[in-house]
Number of protein chains: 2
Amino acid sequence: MTTTHPSVAAFGASAGELTVGGVPLGRLAARVGSTPFFAYDRSLITRRVELLRRTLPERIQLGYAVKANPIPAVVQHLSGLVDALDVASAGELAIALDTPTPPTRISFAGPGKTAAELRQAVAAGVLVELESATEATRVVAAGEELGLRPRVAVRVNPDFAVKGSGMRMGGGPQQFGVDAEQVPDLLDQLAAADVEVAGFHVFAGSQNLGAEIIGQAQRSTADLVLRLAEHLDRVTYVNLGGGFGIPYFPKDTPLDLGHVGEVLAEIVVDRLTPALPDAAVHLELGRYLVGEAGVYVTRVVDRKVSRGRTYLVVDGGMHHQLAASGNFGQVIRRNYPLAVGHRVLDGGNDDVEQVTVVGCLCTPLDLLGDDVALPRADIDDLVVIFQAGAYGLTASPTAFLGHPAPAEVLV
Amino acid sequence: MTTTHPSVAAFGASAGELTVGGVPLGRLAARVGSTPFFAYDRSLITRRVELLRRTLPERIQLGYAVKANPIPAVVQHLSGLVDALDVASAGELAIALDTPTPPTRISFAGPGKTAAELRQAVAAGVLVELESATEATRVVAAGEELGLRPRVAVRVNPDFAVKGSGMRMGGGPQQFGVDAEQVPDLLDQLAAADVEVAGFHVFAGSQNLGAEIIGQAQRSTADLVLRLAEHLDRVTYVNLGGGFGIPYFPKDTPLDLGHVGEVLAEIVVDRLTPALPDAAVHLELGRYLVGEAGVYVTRVVDRKVSRGRTYLVVDGGMHHQLAASGNFGQVIRRNYPLAVGHRVLDGGNDDVEQVTVVGCLCTPLDLLGDDVALPRADIDDLVVIFQAGAYGLTASPTAFLGHPAPAEVLV
């Protein structure tokens, strides 16, 4: 039964009906006025940050990777909860600058930053994470032109790789960052220019559920940062990356955050604080902060039986939630957790059926639930897809087949 | 060498520089004013329609599946060349209705059509292709409410399957269409209502490069249509589907259109015309009409060497051309044809290097060319990705990471 997935329980229910931010789903749908829509639960985001604050060492600064969910309401909410915002484009930069988070607490990373984007970042006064010597040259030029002293960090492609990540972004050859062994030369180049070099960012991979692996990566990251720090007079910024995963599928075990916290305490207290007393030590989290706080809510438009298989055709689909269709970087397609909105607590055997949930797009790729057990749903019932808070709408081909864009609400 | 791909040769070149619609790429980029952009070659689309007209029997009516590329300029251009437009949403319907193509020559197919969409379609006077009994009920209700007699066809899920399609959309259980064996009952239901039932649409799969397979599917489709036609007094519409593929990869052999034309001639002349003299026989093509007529043009933002591997980082990426990154329904990632814009005719060995072309998104998924041989390209050079005319921008997560939308031009 999909109803046992922990993400379903986290939202809660009222008389068997899913609630989001305490509002029963049917009422929320009426408030939104149309389906499909994304709903993000404000209190779940808040509780996730609280959990991190309780579990991680006090000195850890939490950054939110805006790319995970850039809607302004969510970014504004997180601005009040976390210590920093991390952006990956000029578009995300604009959203971050609209929050109360000061520019000095916004960092800008990502390969292929253009001269124009870097000029915007320098003018904004944010921390630019350099991915290459070319970017360093561009930042220096922008600073000279604007009469501003840019503040930069070096994003480092580590000399180790992290196993078990959903996506590996460090180790071996990479488009991300500057190879660790090339960093001293880049620092020499920067020392001759009018820039403040704050420190280093090492990001090794994302969507990792293995606390041991993350812990080992953090240890290796600290080693690397301490080695590189010998080439800088004063380090004020260390970004240890993040990559904390969330459980999407029944066999996924949630991350053991306690273990990660213990390793980080050891790294921060025993190693980074003595060696780099002025450094703000950042973790950068996106999916882990918001991924489990979002649902994608669709309505059943048609119910049909084709050669023994029952289909629920909903008014949403892969154009809004591509990852749930298994077409966003996944090698093997697996079902995201699904539920019928007004019957999430049906745990029993009555009236449960095997159905295939498909979106409204005219393509066989638009598959949201392949042969899943759900309480019987009829036309006009709401079908909910969980784990939709990160890399949902913005990671989806919204214009595909010309359907309207969905609403997004923070509740 | 990627420069040998036939799609590159089709565009032509001037002094080694790719041309689109006869305009050298550098000049076109200056005209567009920014990169990245999509450029579609008007004459290549025209020539593709001419090829089909020459090769297919005269009685075949050509329909354009707007979903393949819905930008108004392309749809307007094709409106003047083909006989019909096929849409898959109310959004695409609006684009089609803006063309000179009369509503009677517009068809609307796709699962999960809502009551509101069907009401729009009935009011517009287009042909509604019914995917289920539910849709039939909705169309009848819309007709009664609007005082209009809807014109419908039944989309049939065939009782055969087509092998070798990129995507199978017929045979076995499907969300698409009405199972062939259920069609007589649906026709009985419709006979009692005030609707005109024009005929049938059978669509078995897409992106098929096997002419023999397509021919066999067309034969089976004709058999099925003739069986089902016994339940209708008069058939005025037969849509045989399409699914003609285009070659994306070096080992792909272009479709043998001549063979398909011969089979269609036999089907139309020997079978459909005698039995259904009033029927307009349609083929519905999307990708085959426009897919090879488009390029995605990016500019090199950074060039870096990481541990022995040379990366070209371009200002575009998977947010605009998801399929080229291998993340849109593909099981195995393969490189789309790529070229350096001003050196497409470099066929030799001088100054060719192995590079990895990546987009500007901060994710390892954003891979456009994995270890490809290209003439040396530097920062500010243009890198072109071919086969971008269909399922390109609209099938991509444009908002992902907050970069600007690209321009699209028809040249």
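Residues numbered from 1 in each chain as written. Chains lettered and ligands numbered in written order. Predicted model: local features only at pLDDT ≥ 70, side-chain atom pairs only at ≥ 80, totals over all residues. Heavy atoms only, no water.

1. Quick look at the interface of chain A and chain B
Thought 1: The interface is formed by 70 residues belonging to chain A together with 70 residues belonging to chain B.
Thought 2: The junction of chain A with chain B conceals about 5,200 Å² of combined surface from both sides, 57% of it contributed by carbon and sulfur atoms.
Thought 3: Linking chain A to chain B there are two salt bridges.
Thought 4: For A:E181, the salt bridge goes to B:R307, with nearest N and O atoms at 2.9 Å.
Thought 5: Here chain A and chain B share 40 residue pairs in polar contact (both at pLDDT 80 or more) between them.
Thought 6: Among the elements of the structure, α5 (90-97), α7 (133-146), β9 (151-157), β10 (165-168), β16 (294-306) and β17 (309-314) of chain A are those that each provide at least two residues to the side of chain A that touches chain B.
Thought 7: The element that contributes the greatest number of residues to the side of chain A that touches chain B is β16(A), accounting for six residues. (Contact = heavy atoms within 4.5 Å. Buried area = accessible area lost by both parts, 1.4 Å probe. Salt bridge = Lys/Arg side-chain N within 4 Å of Asp/Glu carboxyl O. Polar contact = N/O pair within 3.5 Å; in protein donor to acceptor, adjacent residues only side chain to side chain. Helix = DSSP H or I, 4+ residues; strand = E, 2+ residues; numbered from the N terminus.)

2. A short note on the environment of A:G16
All names here are of chain A.
Thought 1: Locating G16 in the fold gives a position in the loop between β1 (13-14) and β2 (17-20).
Thought 2: Relative accessible area serves as the criterion here: at 15%, G16 is assigned to the buried category.
Thought 3: Residues G16 and G341 lie 325 residues apart in sequence; the distance between their C-alpha atoms is 8.4 Å.
Thought 4: Not counting residues up to four positions away in its chain, the partners in contact with G16 are G341, H342, R343, V344 and L345. (Buried < 20%, exposed > 50% of the residue type's maximum accessible area, 1.4 Å probe, protein only.)

3. Here we look at the relation of the copies chain A and chain B
Thought 1: When chain A is fitted onto chain B, the two copies agree to an RMSD of 0.0 Å after a turn of 180° and an axial shift of 0.0 Å. When the rotation and shift are considered jointly, the pair of chain copies conforms to a two-fold rotation axis. Within chain A, A:P397 has its C-alpha nearest the rotation axis, a separation of 2.0 Å.
Thought 2: Looking at chain A, 100% of its interface residues are interface residues in chain B too, so the copies touch through the same face. (Least-squares fit on C-alpha atoms with pLDDT ≥ 70 in both.)

4. As for the environment of B:L338
Residues and elements named next belong to chain B.
Thought 1: Inspection of the secondary structure assignment puts L338 in strand β18 (residues 338-340).
Thought 2: For L338, a relative accessible area of 0% corresponds to the buried category.
Thought 3: Each C-alpha atom, one on L338 and one on D278, is 47 Å from the other, the two residues being 60 residues apart in sequence.

5. Brief notes about the pattern of salt bridges
Thought 1: On inspection of all chains with the given rule, the structure shows 34 salt bridges over all chains.
Thought 2: One salt bridge connects B:E131 with B:K113, and the closest N-O pair in it is separated by 4.0 Å. In this pair, B:E131 sits in the loop between β8 (127-130) and α7 (133-146) while B:K113 sits in the loop between β7 (106-108) and α6 (115-124), placing the two residues 18 residues apart along the sequence.
Thought 3: Of the residues examined, B:E131 reaches a relative accessible area of 1% and is grouped as buried.
Thought 4: Residue B:R227 pairs with B:D159 through a salt bridge whose shortest N-O separation is 2.8 Å. With B:R227 in helix α9 (residues 211-229) and B:D159 in the loop between β9 (151-157) and β10 (165-168), the pair connects residues that are 68 residues apart, well separated along the chain.
Thought 5: Classification of B:R227 by relative accessible area gives partly exposed; the value is 41%.
Thought 6: On the accessibility criterion, B:D159 (43% relative accessible area) is partly exposed.
Thought 7: Linked by salt bridges that have partners in common, A:K113, A:E131, A:E135 and A:R155 make up one network.

6. Thoughts on the domain arrangement of chain A
Residues and elements named next belong to chain A.
Thought 1: Considered domain by domain, chain A is made up of domain 1 (6-40 + 294-410) and domain 2 (70-285).
Thought 2: Taking only C-alpha atoms, the centre of domain 1 and the centre of domain 2 are 35 Å apart.
Thought 3: Listed as interface residues are nine residues of domain 1 and, on the opposing side, nine residues of domain 2.
Thought 4: Together, the buried faces of domain 1 and domain 2 total about 920 Å²; carbon and sulfur atoms form 71% of this surface.
Thought 5: Three residues stand out in domain 1 for area buried against domain 2, namely R334, Q387 and L410, and they jointly supply 48% of the buried area on that side.
Thought 6: For the pair domain 1 and domain 2, the interface holds zero salt bridges.
Thought 7: Our count for the domain 1 to domain 2 interface comes out at one residue pair in polar contact (both at pLDDT 80 or more). (Domains from an automatic or database assignment.)

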